[in-house]
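Report on the structure
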Amino acid sequence: MVVLGAQLQNLQLQGSHISKLLQSDQSVQWQDLVTRSYKPSWWILQVLLGDMGTGKTSLVLRFVKGQFLDHQEPTIGAAFFTQILSVTEATVKFDIWDTAGQERYHSLAPMYYRGAAAAVVVYDISSMDTFVRAKKWVQELQRQGNANLVMALVANKSDLDSKREVENEDGEQFAQENGMFFMETSAKTAQNVNELFYEIAKKLARACPPKPSGINLHNERQERRGKRFCCIG
Ligand SMILES: Nc1nc2c(ncn2[C@@H]2O[C@H](COP(=O)(O)OP(=O)(O)O)[C@@H](O)[C@H]2O)c(=O)[nH]1
Ligand SMILES: [Mg+2]
């Protein structure tokens, strides 16, 4: 797996991260990353939901910029991020809505998840309250989300194991019972963060393999209008 920045700026920010990945994937050369045209084959609209403070913004920033802030500013309303991920032969463009999580913004949430192909519900392993809240989000998505929504349950802050209030098995069981996939992550240490997005891309890509010939990304907006997941290739 190789993570690519959507823009050169992102590539630069991720430089050290990409080179780390390259050490484990010798078949990909730096030259390829810089000069090869990575035209996305798929486009995925994704939303992150969960209580305030669970690490939603930190997870996206880790994925998009390879960075982590100990004092991340709370999100106001929602924030939007993009990233391109290379999955074996194809590339996937993620458009990500990172929602705020505070109760006062709850009424806005459907605006983001109704259009989404994938939803990531995040809780913090050191807070049982956030797990309870995550379950409520899942129930809401089941009632009001898209029928084919790919859902992931994410137990973040796995680095805080000494303060753990939610056992891994409890998260895993709830996810299984609700047809979601489950991952324990740490935005702080980067554990499983890229793997989470990779898994979502794989799941959606399986539902829609790319066609052999490509169309220009400039047509992407027209192509994807009204869709939440789109095969661009
Ligand atoms: N120890 C630890 N702290 C984290 C992790 N992810 C986020 N945080 C911290 O938790 C706080 C809230 O994170 P933030 O991303 O703003 O949460 P959000 O409200 O869900 O977007 C910040 O101080 C982050 O630095 C993690 O994986 N481990
Ligand atoms: Mg946030």
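All values derive from a computational prediction rather than experimental measurement. Sequence order sets the numbering: in each chain, residues are counted from 1 along the sequence as written. Numbering of ligands from 1 and lettering of chains from A proceed in the order in which they are written. Confidence filtering applies because this is a predicted model: local features only for residues at pLDDT of at least 70, side-chain atom pairs given and counted only at 80 or more, and all residues used for totals across whole chains, interfaces and linings.

1. Some details on the overall build of the protein chain
Helix and strand labels come from DSSP, where a helix needs a run of H or I of at least four residues and a strand needs a run of E of at least two; each type is numbered from the N terminus. The number of helices and strands found in the protein chain is nine helices and eight strands. Exposure is read from a count of other C-beta atoms within 10 Å of each residue's own; the residue is exposed at 12 or fewer, buried at 20 or more and partly exposed in between. C-beta atoms are placed from the backbone. When each of the 233 residues of the protein chain is scored for burial, the buried share is 39%. Whether two residues are in contact is decided by their C-beta atoms, placed from the backbone, lying within 7 Å. Here the contacts in the protein chain between residues at least 6 apart in sequence split such that 69% fall between residues at least 24 apart.

2. Overview of the pairing of strand β7 (residues 181-184)
Between any two strands, at least two bridges found by DSSP are needed for them to pair. When strand β6 (residues 150-156) meets β7, the two strands line up parallel, connected through four bridges. Across the sheet, residue A152 finds its bridge partner in β7, namely F181. A clockwise course of the path from the first strand over the helix to the second, judged with the strands pointing away from the viewer, identifies a crossover as right-handed. Between the parallel elements β6 and β7, the chain passes through helix α7 (residues 168-177) in a crossover that is right-handed.

3. Comments concerning the site of ligand 1
If you check the shell around ligand 1, you find 22 residues, and the closest are G55, K56, T57, S58 and K188. In terms of residue count, the dominant contributor to the shell around ligand 1 is helix α4 (residues 56-65) (three residues). Of the residues in the shell around ligand 1, the class split is five nonpolar, twelve polar and five charged. Near, as applied to residues and a molecule or strand, means the residue's backbone-placed C-beta atom lies within 6 Å of it. Residue type decides the class: Asp, Glu, Lys and Arg count as charged, Ala, Val, Leu, Ile, Met, Phe, Trp, Tyr, Cys and Pro as nonpolar, and the leftover types, Gly among them, as polar.

4. As for the nonpolar core
Counting 52 residues, the largest nonpolar core has I44, A118, A119, V121, A152, V154 and I200 as its most contacted members. Top element by residues in this core is strand β2 (residues 42-50). It accounts for seven residues. Dropping the residues within four chain positions of it, A118 is found in contact with I44, Q46, L149, V150, I200 and L204. Remark: nonpolar core denotes a set of buried Ala, Val, Leu, Ile, Met, Phe, Trp, Tyr and Cys residues whose joining runs through C-beta atoms within 7 Å.

5. Looking at helix α6 (residues 128-144)
Owing to its 3.6 residues per turn, the α-helix brings residues three or four apart onto one side. The end-to-end C-alpha separation of α6 is 25 Å, in line with the 24 Å expected for 17 residues at 1.5 Å each. Of the positions making up α6, those classed as buried are T130, F131, R133, A134, W137, V138 and L141. Taken around the axis of α6, the buried residues stretch over an arc of 160°, which confines them to a single face. Counted as exposed and oriented over 90 degrees from the buried face of α6: D129, V132, Q139 and R143. Contacts made by the buried residues of α6 are with β2, α5 (109-113), β5 (118-124) and β6. A helix is expected to span 1.5 Å multiplied by its residue count minus one. Think of it as the arc spanned by the lines of direction from the helix axis to the C-beta atoms.

6. Considering unusual backbone geometry
Despite not being glycine, K157 shows a phi value in the positive range, around 70°. Secondary-structure assignment places K157 in the loop between β6 and α7. Although it is not a glycine, N192 sits at a positive phi angle of roughly 65°. With respect to the helices, strands and loops of the structure, N192 is situated in the loop between β7 and α8 (193-207).

7. Overview of the environment of K56
Assignment of secondary structure puts K56 in helix α4. Here the alpha-carbon distance between K56 and V154, two residues 98 residues apart in the chain, equals 9.6 Å. Ignoring anything within four residues of it in the chain, the contact list for K56 reads L48, G50, D98, G101 and V122.

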